[in-house]
Structures are given as structure tokens and as C-alpha cells.
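Summary of the model geometry
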Amino acid sequence: MVLIVIGVLGTSAALLLFIRFGLDPGTVTFAPRLITIPLPTPSFEPTDYETPTEFLSGLPRADLTYGLVEYRAFDKTELFYWPGRSPEGWFLTYEDHTGEVMTVAAYQHYNEEEARAAFEAFAPPMPEVSTDTSPSPSASISANPEDLVVYGDVRVGDAVVGQSARSIIPEIPATEEDPGSAARVQIVWRNSTAVFVMTAPLDTADDLFLEYAV
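Residues numbered from 1 in each chain as written. Predicted model: local features only at pLDDT ≥ 70, side-chain atom pairs only at ≥ 80, totals over all residues. Heavy atoms only, no water.

1. Quick look at the sheet that holds strand S8 (residues 194-201)
To be explicit about the condition: Strand pairing is assigned whenever DSSP detects at least two bridges linking the two strands. Secondary structure elements are defined from DSSP: runs of H or I of at least 4 residues count as helices, runs of E of at least 2 residues count as strands, and each element is numbered from the N terminus. By the convention used here, residues are in contact when the closest approach between their heavy atoms is within 4.5 Å. All axes are obtained by fitting lines to C-alpha atoms, using only the stretch in contact for helices, and the reported angles, taken between N-to-C directions, cover 0 to 180 degrees.
Across the sheet, which stays open at both edges, the eight strands sit in the order S1-S2-S3-S4-S8-S7-S6-S5 with antiparallel pairing between neighbours. Sheet topology places strand S1 (62-63) and strand S5 (149-156) at the edges, where each strand pairs with a single neighbour. Bridge count for strand S7 (residues 184-191) against S8 is eight bridges, and the pairing is antiparallel. If you follow Trp 189 over to S8, its bridge partner there is Phe 196. Strands S5, strand S6 (159-169), S7 and S8 of the sheet are contacted by helix H4 (residues 112-122), whose axis makes an angle of about 160 degrees with S7. Strand contacts of helix H5 (residues 205-212): S1, strand S2 (66-73), strand S3 (88-95), strand S4 (101-108), S6, S7 and S8, with the helix running at about 145 degrees to S8, the strand carrying the most contacts.

2. Thoughts on the nonpolar core
To keep things clear, this is the line we draw: Among buried residues, the Ala, Val, Leu, Ile, Met, Phe, Trp, Tyr and Cys ones that are joined through side-chain atoms within 4.5 Å form a nonpolar core. Under the scheme applied here, a residue whose accessible area is under 20% of the maximum for its type counts as buried, over 50% as exposed, and between as partly exposed, the area being computed with a 1.4 Å probe on protein chains only.
Formed by 27 residues in total, the largest nonpolar core has its most connected members in Leu 92, Tyr 94 and Met 198. Contributing elements (two or more residues each) for this core: helix H2 (54-57), S2, S3, S4, S6, S7, S8 and H5. Not counting residues up to four positions away in its chain, the partners in contact with Met 198 are Asp 63, Met 102, Thr 103, Val 104, Val 185, Gln 186, Ile 187, Trp 189, Ala 205, Leu 208, Phe 209 and Tyr 212. Core analysis: the next-biggest nonpolar cluster, separate from the first, contains 13 residues, Leu 79, Ala 123, Ala 165 and Val 197 among them.

3. Some points on the confidence of the model for the chain
Put simply, the rule reads: Residue-level confidence of the predictor is what pLDDT reports, using numbers from 0 through 100.
Across the chain, pLDDT averages 84, with 77% of residues at or above 70. Here residues 133-146 scores under 50 on pLDDT; set against residues more than four positions off or in separate chains, the count is 23 contacts.

4. Describing the pattern of salt bridges
Our working definition: Salt bridges are defined as contacts in which a side-chain nitrogen from Lys or Arg sits within 4 Å of a carboxyl oxygen from Asp or Glu.
By the definition in use, this model includes eight salt bridges. Taking the shortest distance from any N to any O, the salt bridge between Arg 116 and Glu 112 comes out at 3.5 Å. With a gap of four residues between them, Arg 116 and Glu 112 both fall in helix H4, about one helical turn apart. A residue is classified by how much of its surface remains accessible, and Glu 112, at 30% relative accessible area, is partly exposed. The partner of Arg 190 in a salt bridge is Glu 112, with the nearest N and O atoms 3.3 Å apart.

5. Structural notes on the environment of Gln 163
As for its position among the elements, Gln 163 is in strand S6. Judged by relative accessible area, which is 23%, Gln 163 ranks as partly exposed. Taking the C-alpha atoms as reference, Gln 163 lies 8.8 Å from Arg 116; in sequence the two are 47 residues apart. Excluding its chain neighbours within four sequence positions, the residues that come into contact with Gln 163 are Phe 119, Gly 152, Asp 153, Val 154, Val 188, Trp 189 and Arg 190.

6. A few points about the pairing of S4
The buried fraction of S4 is high, at seven of eight residues. The pairing of S3 with S4 spans eight bridges and is classified as antiparallel. Bridge assignment links Phe 91 to a residue of S4, and that residue is Ala 105. Once S3 ends, the chain turns through five residues before running back antiparallel as S4, passing Gly 99 with a positive phi of about 95 degrees. Of the strand pairs in this sheet, S4 and S8 are connected by six bridges, and their pairing is antiparallel. Among the inter-strand pairings, Val 104 is bridged to a residue of S8, identified as Met 198.

7. What about H4?
Spelled out, the test is: It is the directions from the helix axis to the C-beta atoms whose arc is reported.
Considered for burial, the residues of H4 that qualify are Glu 114, Ala 115, Ala 118 and Phe 119. In an axial view of H4, the angular spread of the buried residues amounts to 140 degrees, which keeps them on one side of the axis. Along H4, the residues that are exposed and aim more than 90 degrees away from the buried face are Glu 113, Glu 120 and Ala 121. Taken together, the buried residues of H4 touch S5, S6, S7 and S8.

8. Quick look at H5
For H5, every residue scored as buried is listed here: Ala 205, Asp 206, Leu 208, Phe 209 and Tyr 212. Burial along H5 is one-sided: seen end-on, the buried residues are contained in an arc of 165 degrees. Ala 213, located one to two residues past H5, shows a positive phi value of around 60 degrees.

Quick look at the structure:
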């Protein structure tokens, strides 16, 4: 009986050692893989520019799911009221497949000083309630979003080339005479001698601004 017990224990120990060291391969390390998910694009072919100027040709025809559907040059009367000497200006309209609209007004200036002055004159002043100076336009919205203005730097690589100002255009309630409008975001920014004004839906404006890339 003692020999049988010793045999069973020995066999069990040998079996455990085999399972532990013979079958266990140890820690398995897989090589890392980088998976790039493509950004969404418009579901239609955006409008082409016809004989564009050098400035216009640098403006995107698509921004995420939004594609260019219409563009026009500002005439001299409209440019006269812009707070800065602008020899060239364009108003671009983008839409996505749901019918949402984003607009961009783009103004070129003679020099960086005039572009900076135009940005400072047109961008909304920073209210005392906001102290966020983060370079990102995607700061969280406060309890009173219509009072919030977020300023930040515009960068190309490591170089600061301008500033941005993000503000909320409050919702206009519908009436019998006026259909009203949903709240939207307006982002004004300067890149060297150019100043841009983007107006976009509240839930997509920040992503559209970051991907517009000018």
C-alpha cells in the first residue's frame, strides 16, 4: 500500500512538472501593429475651382464629410467693410450628405501686420469669465456657452503663425415669422497674412477646424 501511494504521488508530481514546463510556453509577446483608420470623406465629388488664384487653390475642397458646393469672390464693396486692407477674399460653402452646411470666409492681406490687426478687430473679445488659453479649440462648453470665447495659437509644425478665437453663435428659437436656427460655432483664425472665419454645426466644428489645415 505504501509503495502504491508513493507511486501515485510520484506520478502526479511528474505530471505536474510536465504540464508546468513541458506544455506552458511561457510569456508570449506579439509584435505591435499600427492600424490607421482613414478619415471620412464626402459622399459626392466636391466642386472644382475654375481658374483659381494661388490663394484660392490652397483652400481645401473637402473637409471630413463636407464637400465644396459653391464659392464666390467678395466684391470690392464687401472687402471695403472688412477691418483690414484685403486685396482678395472668398466665401466658400460646404455641405455633407445630411444637408448640414459649413461656410468659410477667407481673406488675404498685404502683410502680416494688417492681417493681425484685422483678426484682432474682428475676433470677439475674450470675456472675463474665460481664462482658457489652450491652443486647442475643443475646450468644454460652460453652462453659458454663448458667453465663452476660447483663444489659442495656430501652429505650423513648431512655429506659431497666428491665433484663433472660438465662440458660440446662440440658438435662435423658431417663431411663426422666422424658422430660427440651431446653435453654431464660429472660429476665426489667422495664418500669417490670411484670416479665416469658419461657421459650422456645434457638434462637428472643432473637428472641421482641425482638419481644414490652413
